[in-house]
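These are the residues of each chain, in order.
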Amino acid sequence: MAHINVPEGVPGIRSLVMFRPETGKHLYDLAQVLLRDESPLTQAERELIAAYVSRLNECVFCSNSHAAAARCLYDGDRGLVDEVLQDMQASSISDKMKSLLHIAGKVQVLGKEVNADDIAAARSQGATDRELHDTVLIAAAFCMFNRYVDGLATLTPQEPEAYAEMGVRMVEKGYVLPQQPIQS
Amino acid sequence: MAHIDLQNDLPGIRGLMAYRPETAAHLNALAEILLRDDDNTLTRGERELIGTYVSYLNDCHFCQQVHGALAGHYFECSVEEIDAIKSNGTSDMVSPKMTALLAIAAKVQQGGKQVTSGLVDKAREAGASDREIHDTVLISASFCMFNRYVDGLGTWAPEDRQFYLNRAPQRAKEGYLMTDLKK
């Protein structure tokens, strides 16, 4: 059970933003800009960074839901997401994405872990300033979302089907603030 | 020097926000509602203190100086008194309720799952409401983002603490919804 009195039966961050929509609005707006709006990284790549960092933070709700969204977006190459989550370096993802995911993994530990060599390695694979910026901010933002979701002990569905459904919704609708269900 | 060319020489998060205003707008709006909105039973000083403490635990120089100076401004205390709270997670100036909330913030800094029911119960017994527990967790979590953003891109920050102390009264007045980042 969650640490605070959030709507019952609503999973993860959705229960928290229903409890406090004033902050929820900005959290969803941030996710929309970072993961959906214009960026030199594809939506699939950005969802994969989110899922990867959430997995490192051991946040089951965020890693499963963003992995599901990434699988939808990597349509035709859905296995890639699981490869990356299992063993990023051994996966068949591009060397550029490996270098960016490596930086995201450093950010997950702490900002200062990212060093000039990590940046140079990503640049040598063709990463631009904007891609480096967005990678770091997505990783940092998921260090927030993961802590928010787990720090208040929100409901975490166990069935894979629940996440598959969420992934489809996240791709089709984007990040739209959920409304509180009408109380009967 | 920052890891990327920010096309400005602003310190800390300000340089990043000027570089990418699309994300800055939402980051600033989040900071404004979490730290300054008057519809909150935690004072502005208490909320800045949570941000300062978490930034200290994340070893982020820029954020702990900016928010430490703001906390000192609201509490009308010296920077040494803020330092003492950072080191000990409490002080004579800090209420038992805030001490319990700072303990929760410290666990969030380590990882969300570190927050136990026991710690939440303790905060409740000291008078904390669900909203206060919620905001404490989200402020701490958001500083785990802000700190990583600032340090992960290697932004520069003035070493001299006086720089931050001098700016605090104006920052407190203007808030986070700055229309002109260059000021």
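With an unreviewed UniProt entry as reference, chain B is termed Carboxymuconolactone decarboxylase, source organism Flavihumibacter solisilvae.

In the nomenclature of an unreviewed UniProt entry, chain A is known as Carboxymuconolactone decarboxylase of Flavihumibacter solisilvae.

### Re the overall build of chain A
Within chain A, the secondary structure is distributed over nine helices and zero strands. Tracing chain A from N to C terminus, the helices and strands come up as α-α-α-α-α-α-α-α-α. A compact globule built from 184 residues would reach a C-alpha radius of gyration of about 16 Å, and chain A, at 16 Å, matches this within 12%. A burial count over chain A gives 59% of its 184 residues as buried. A separation of at least 24 residues holds for 69% of the contacts in chain A among residues at least 6 apart in sequence. Summed over all atoms, the accessible surface of chain A reaches about 7700 Å², with 50% contributed by carbon and sulfur. If the 17 positive side-chain charges of chain A are averaged to one point and the 25 negative ones to another, these points end up 4 Å apart.

### Looking at the side chain of B:His3
Secondary-structure assignment places B:His3 in the segment before helix H1 (12-19). Given the relative accessible area of 17%, B:His3 is considered buried. In this structure B:His3 touches A:Val114, A:Asn115, A:Ala116, A:Ile119, A:Arg123, B:Gly152, B:Leu153 and B:Gly154, once residues within four positions along its chain are discounted.

### Looking at unusual backbone geometry
The bulk of non-glycine residues show a negative phi, and the bulk of peptide bonds are trans. Residues and elements named next belong to chain A. Even without a glycine there, the phi angle at Glu58 is positive, about 55°. By secondary structure assignment, the location of Glu58 is in the loop between helix H3 (43-56) and helix H4 (60-73). Phi at Ala153 takes a positive value of approximately 55°, unusual for a residue other than glycine. Residue classification places Ala153 among the partly exposed positions, given a relative accessible area of 25%.

### Digging into the UniProt feature "domain: Carboxymuconolactone decarboxylase-like" (unreviewed entry) in chain B
UniProt records the feature "domain: Carboxymuconolactone decarboxylase-like" (unreviewed entry) at residues 21-105 of chain B, using the numbering of this structure. Along residues 21-105 of chain B the backbone is 75% helical and 0% strand, and the end-to-end C-alpha distance reaches 28 Å.

### Notes on the interface of chain B and chain A
Counting residues at the interface gives 44 residues for chain B and 45 residues for chain A. Both faces considered, chain B and chain A share a buried interface measuring about 3800 Å² in area, 66% of it formed by carbon and sulfur atoms. Three residues, B:Arg20, B:His134 and B:Arg148, lead the burial of chain B against chain A; their summed loss comes to 18% of the area buried on that side. Summed over the shared surface of chain B and chain A, the number is four salt bridges. Residue A:Asp134 is joined to B:Arg20 by a salt bridge in which the shortest nitrogen-to-oxygen separation is 3.1 Å. Viewed at the interface, chain A and chain B are joined by 19 residue pairs in polar contact (both at pLDDT 80 or more). In terms of residue class, the side of chain B that touches chain A is built from 19 nonpolar, 14 polar and 11 charged.

### So, the nonpolar core
Counting residues in hydrophobic clusters, the biggest one holds 120 residues, and the most contacted among them are A:Met144, A:Tyr148, B:Ile104 and B:Met145. The element best represented in this core is helix H8 (residues 129-151) of chain A, accounting for 13 residues. Setting aside residues up to four positions removed in sequence, A:Tyr148 forms contacts with A:Ile13, A:Leu16, A:Thr23, A:Leu27, B:His134, B:Val137, B:Leu138 and B:Ala141.

### Quick notes on the UniProt feature "domain: Carboxymuconolactone decarboxylase-like" (unreviewed entry) in chain A
Here, the residues flagged by UniProt with the feature "domain: Carboxymuconolactone decarboxylase-like" (unreviewed entry) are residues 21-71 of chain A. Between the end C-alpha atoms of residues 21-71 of chain A the distance is 29 Å, and the span holds 80% helix and 0% strand.

### Examining the environment of B:Gln64
All names here are of chain B. Mapped onto the fold, Gln64 is located in helix H4 (residues 61-75). Overall, the relative accessible area of 9% leaves Gln64 in the buried class. In sequence terms Gln64 and Glu48 are 16 residues apart; their C-alpha atoms lie 9.6 Å from each other. Sequence-distant contacts of Gln64, defined by excluding residues within four places in its chain, comprise Thr52, Ser55, Tyr56, Asp59 and Lys86. In this structure the side chain of Gln64 is engaged in a polar contact, spanning 2.8 Å, whose partner is the side chain of Lys86.

### Re the packing of helix H1 (residues 12-19) of chain A against helix H2 (residues 21-35) of chain A
All names here are of chain A. In the contact formed by H1 and H2, the axes pass within 6 Å of each other and the chain directions differ by 130°. For the element pair H1 / H2, the angle class is oblique. Judged by residue contacts, Ile13, Arg14, Val17, Met18 and Phe19 of H1 engage Pro21, Gly24 and Tyr28 from H2. Classifying every residue of the contact of H1 with H2 gives six nonpolar, one polar and one charged.

About the cut-offs
Residues numbered from 1 in each chain as written. Chains lettered and ligands numbered in written order. Predicted model: local features only at pLDDT ≥ 70, side-chain atom pairs only at ≥ 80, totals over all residues. Heavy atoms only, no water. Helix = DSSP H or I, 4+ residues; strand = E, 2+ residues; numbered from the N terminus. Rg over C-alpha atoms; globule rule 2.2 N^0.38 Å. Buried < 20%, exposed > 50% of the residue type's maximum accessible area, 1.4 Å probe, protein only. Contact = heavy atoms within 4.5 Å. Areas by Shrake-Rupley, 256 points an atom, 1.4 Å probe, with all protein chains shown as cover. Lys, Arg positive; Asp, Glu negative; His and termini not counted. Charge placed at Lys NZ, Arg CZ, Asp CG, Glu CD. UniProt positions renumbered as here; feature names shortened; annotations may be inferred. Buried area = accessible area lost by both parts, 1.4 Å probe. Salt bridge = Lys/Arg side-chain N within 4 Å of Asp/Glu carboxyl O. Polar contact = N/O pair within 3.5 Å; in protein donor to acceptor, adjacent residues only side chain to side chain. Nonpolar A, V, L, I, M, F, W, Y, C, P; charged D, E, K, R; others polar. Core = buried A, V, L, I, M, F, W, Y, C linked by side-chain atoms within 4.5 Å. Axes fitted to C-alpha atoms, helices over the stretch in contact; angles between N-to-C directions. Parallel < 35°, antiparallel > 145°, perpendicular 65-115°, else oblique.

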